[in-house]
Amino acid sequence: MNPSYGDSNNAAHGRARPPGSDDGYDDRADRSRSGYDSYGDSGRRSSAGRASASAGRASAGRASVGGSASVPGTGRADEGDWSGRSGRASVRPASSQDDYYGSTGRASTGRASSGRASAGRASAGRASVGSASVGSASVGSASVGGSPAGRATVGRASVGPDGSGPGGPGGPNGPGRGRAGAGGAGGKKKTSKRTRRRNIILAAAALLIMMSGVIVVGGTYYFDSVKMPDALPTPAQSTTIYYADGQHQMAKIGDQNRTNVGINQIPKYVQDAVVAAEDNTFYTNQGVDFRGIMRALVNNVTGGDREGASTITQQYARKMADLEGISYARKLREAVIAMKLTKDYSKAQILNAYLNTVYFGRGAYGIEAASQAYFHKSVSQLTPAEGILIAGVIKQPEPADLNNPSASPGYDPAYGLAQSKDRWGNYILPNMVKLKFMSQADASKLTYPTDWVKPSADTMDASQYGLDLPTGFILHQVMAELSHQTDVKALANTKTLKTGGYKIITTIDYNMEQDAIKTADDKVKGSVMSGQPTNLQASLVTIEPSTGRVKAYFGGHDGSGLDYAGIYDDPVLGDGNWTGAHFPPGSTFKLYTLATALSQGISIDSYWNGAPKVEFPDQNRTAKSPAGPVTNADGAGDSCPANTQPVKYVCTLQMALQKSMNTVFFGVGDVVHASNIIDMAKAMGIEHLWAPVPDPANPKSTIDKRFDLANYTGAQLSPKYFGNELSIGQYGTTVLDNATGVATLAARGISAPSHFVEKVYQGSNLVYEERLRQTNTAQTAHLTQQEIDDETWAMQSVIQNGLSKNKLAGGREAAAKTGTWQYGNTAHNQDGWYAGFTPQLATVVHIGSRDPKNPIVKWKDDNGNLKDINGADLPGTVWKTYMDLASKGMKKVKLPDPKHVGDATKGNEQSPQPQAPPPDQQQQQQQQQPCLTPPFCPGQGDNGGRGHGGNNNVPPTNQQQAPPNG
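Residues numbered from 1 in each chain as written. Predicted model: local features only at pLDDT ≥ 70, side-chain atom pairs only at ≥ 80, totals over all residues. Heavy atoms only, no water.

- For the chain, the name recorded in an unreviewed UniProt entry is Penicillin-insensitive transglycosylase, with Rugosimonospora africana as its organism.

What about the pairing of strand β16 (residues 688-695)?
Part 1: Among the eight residues of β16, seven are classified as buried, and the element is accordingly described as predominantly covered.
Part 2: Taken together, the eight bridges between β16 and strand β17 (residues 698-708) define a ladder with antiparallel strand orientation. Considered in β17, the bridge of A691 is made with K705.
Part 3: Taken together, β16 and the strand that follows it, β17, pair antiparallel across an intervening segment of two residues. (Buried < 20%, exposed > 50% of the residue type's maximum accessible area, 1.4 Å probe, protein only. Helix = DSSP H or I, 4+ residues; strand = E, 2+ residues; numbered from the N terminus. Pairing = 2+ DSSP bridges.)

Describing the pattern of salt bridges
Part 1: Considering all chains together, one arrives at 18 salt bridges under this definition.
Part 2: D861 is paired through a salt bridge with K867; the nearest N and O atoms lie 3.4 Å apart.
Part 3: You can call K867 partly exposed: its relative accessible area is 40%.
Part 4: Salt bridges sharing partners connect three or more residues here, namely D522, K523 and R850. (Salt bridge = Lys/Arg side-chain N within 4 Å of Asp/Glu carboxyl O.)

A few points about the state of the cysteines
Part 1: One pass over the full model with this rule turns up one disulfide.
Part 2: What pairs with C640 in a disulfide is C651, and their sulfur atoms sit 1.9 Å apart. Its torsion about the S-S bond being -45°, the disulfide of C640 and C651 is classed as left-handed. Within this pair, whereas C640 is found in the loop between β14 (630-631) and β15 (650-652), its partner C651 is found in strand β15, the two being separated by 11 residues in sequence.
Part 3: With relative accessibility at 1%, the residue C640 sits in the buried group.
Part 4: Judged by relative accessible area, which is 0%, C651 ranks as buried. (Disulfide = S-S within 2.5 Å.)

Comments concerning the pairing of strand β23 (residues 829-837)
Part 1: Across the nine residues that make up β23, a large majority, nine, are buried.
Part 2: As defined by bridge partners, strand β22 (residues 815-822) adjoins β23 across eight bridges and the pair is classed as antiparallel. Each residue of the ladder has a partner; that of T818, found in β23, is Y834.
Part 3: Relative to strand β24 (residues 842-849), β23 runs antiparallel, the two being bridged by six bridges. Pairing of F837 across the sheet is with A842, part of β24.
Part 4: If you look at the hairpin formed by β23 and β24, you'll find four residues sitting between the two strands.

Examining the sheet that holds β24
Part 1: Spatial ordering of the open sheet is given by β9-β8-β24-β23-β22, a layout of five strands whose pairing is antiparallel. Strand pairing shows two members of the sheet lacking a second neighbour, β9 (550-554) and β22, which therefore form its edges. Between one strand axis and the next, the sheet turns by 10° as a mean value, whatever way the strands run.
Part 2: Pairing of strand β8 (residues 536-543) with β9 involves four bridges; the strand directions are antiparallel. If you follow L540 over to β9, its bridge partner there is F554. (Axes fitted to C-alpha atoms, helices over the stretch in contact; angles between N-to-C directions.)

Structure (structure tokens):
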């Protein structure tokens, strides 16, 4: 028979064949039925109601299956109507064949109008007619004249208001209902298993097609509803801070350890290794690997390992859209984003974004951070073998359980060396050959790398580190400095300083910083401070003269605590409020008093009253005043020689500086005025001074107020806030500021603001570079180079004629000044200073107490005896030890000779005429002989500059915390 018609074995093409005598179709049993429309070989077929072989389509009208039976519509049936509009149903008579349903035959889509009977789609390709009741149209069965001719499996057509046809009542339980058997109407035939199976398959196919249509429509809507960003997002990066060499990392800050790199910075063989490891079809797929998805689906359904089947693009889409977890909803959205990414961006762009985003373990996000974490080198320096190792980590970068890493170690060689080697040599490398990324010959030459480094929680592998180290204070200073560069566009948003992926090159010298830490940190075994009383806290700052670059900075052991070397207002790592410590500089501030005098034409050789106790009525410093007269720390021991004539205790400014005489420098301040000393300190680099003011919360007490000198002139501050005690160092400043001022002396009058940042890069772009703003004190403060040379000469005598233990190694020339400040009205001290320089380095050391309950500072000598600190002993030892280390390898440069400029008669005393002592006193007085002309007088001691100035009328300053600027 023609396979196009009624062939039960051809489900793809079969349709109901018109009956005829040649196919064993016997239609005589139904021909006498009223309204029956004979459909023989010569009869025409209904185009609207026939069962069709093409699956999935429905046509409106009558159902024609073999023969036909017409059922009255609204009161009658039009015999001449072949269209099916009058409710006609055509029913194929019984056949000798097993199948009377047609292979894929369908019934027309069900709709009843004015007695028209229409049947729905046949779910399995067959149409049978049951009973019909006049006046209604229902999907189910059709009854023709009361004689059942089979059951419609998809639709039922009943015509007539009473539910019965001419031949009897309709409905599923009506009389005479039944299936047509082999011998005629009303007989039953058992459906074969083969037919049922084919019907199920065809029904499933039809359902799948219907669902496919729904999915296409819904999928199109869903695809369009997934919104994409205008550009590929830049993931947050960590900012890395380096020492001045640009190689040694100091710290890293940010939420994630990531440094973005361009695709051109990633070697091609590293890119290829990642593709070979993660997505072999990356360069050919459209963002989704459908074969991979089906493979994963089968594996998941059959109970295998749950798979994601994600391409590189899908993995990136997941991170970009923050789609975590394994679910089909997530996979669908991920796939849509991946396809859109592939449409909008090149493969190189997608791979670049992926490599900057993916996690590699060890806290490293992105290929650059991974290269540093695994090999301590940039990705551009990776070898092919190293690149393959890192690529292999992506699949599982960390053990499933860090407490039991051997259970599922992943591919970090530190935890799963065997797994890493296996993935390296048996999967990725062969894939690179298969994908023609590498020849077999080249692959055979590679060996598994052994230079990978072990992970460490407190090194550069961490997403953020260095904040609690001694260098943590440098980080705060760096962030504070950059946050003030508001005119630099790339730094305008301070929030990006932490997450913008900057590379910050500081001014800090790596070796000098290590020298500072191992000298001044009491927590470092073998340091000068190690073994000293636990309340002692040293701080140290080194500045490069003429540039202002801070080369070493030590503010304490824990960078998350109080900075004892300076203050900062860091809005990035801190809260933006000023914090840090300040201290009375003691006799080190006499350097600024002396500079002021020299700038006013007073010679270093001028003579002054240096008696052990001197009254200054105009400054309210008399025996009857609350503060009393000004005194030298050790009375006659650190005063001018007593045997001068006609006035006792007269000596030069040079000797007064060497022996740190309070009575002389208070007198100098009285002559030059404190307001001018403030202006000089400002010109030399002092930025902040603190003075006591009434406490708003308790008017009977005082608090220290910070004055930013950039906002004031000396006349605005003195005498209102600062009295003449400024000349001997009562008012607070920072170690950093003091070092800046000393650096100006070392540079012979060239002043440059101290700073911590040299350069800032974002990627390969230089976005900021230090601004060397040099000024000359000759213009800003009338302090000439020759006058500074005289001051330098006086400072040399502090070392040469003072405690020779502080002389630098190898005869290296240096100039220095000691400083000490007493604690209140006690006989003990609270601060010890040593400030000095060579032509290349200016360094200031301070030692105070970190315990507010124990502010007195004592030190242990070599015999373990506790002694009050003065500037020349423990602070001097720290300074000398550090400077010897920091200067090692530097050229020895001589300090300038004195010029002896200015007027020697401008002192408050006349040049004395010394007399020869009696013979029995000669030996005793020889030790007190004044150093009038020679630059160096042997035998002179250094009192350490203990500058208390008697009972000062201003309460001691708060040394612990910098208060807000008022």
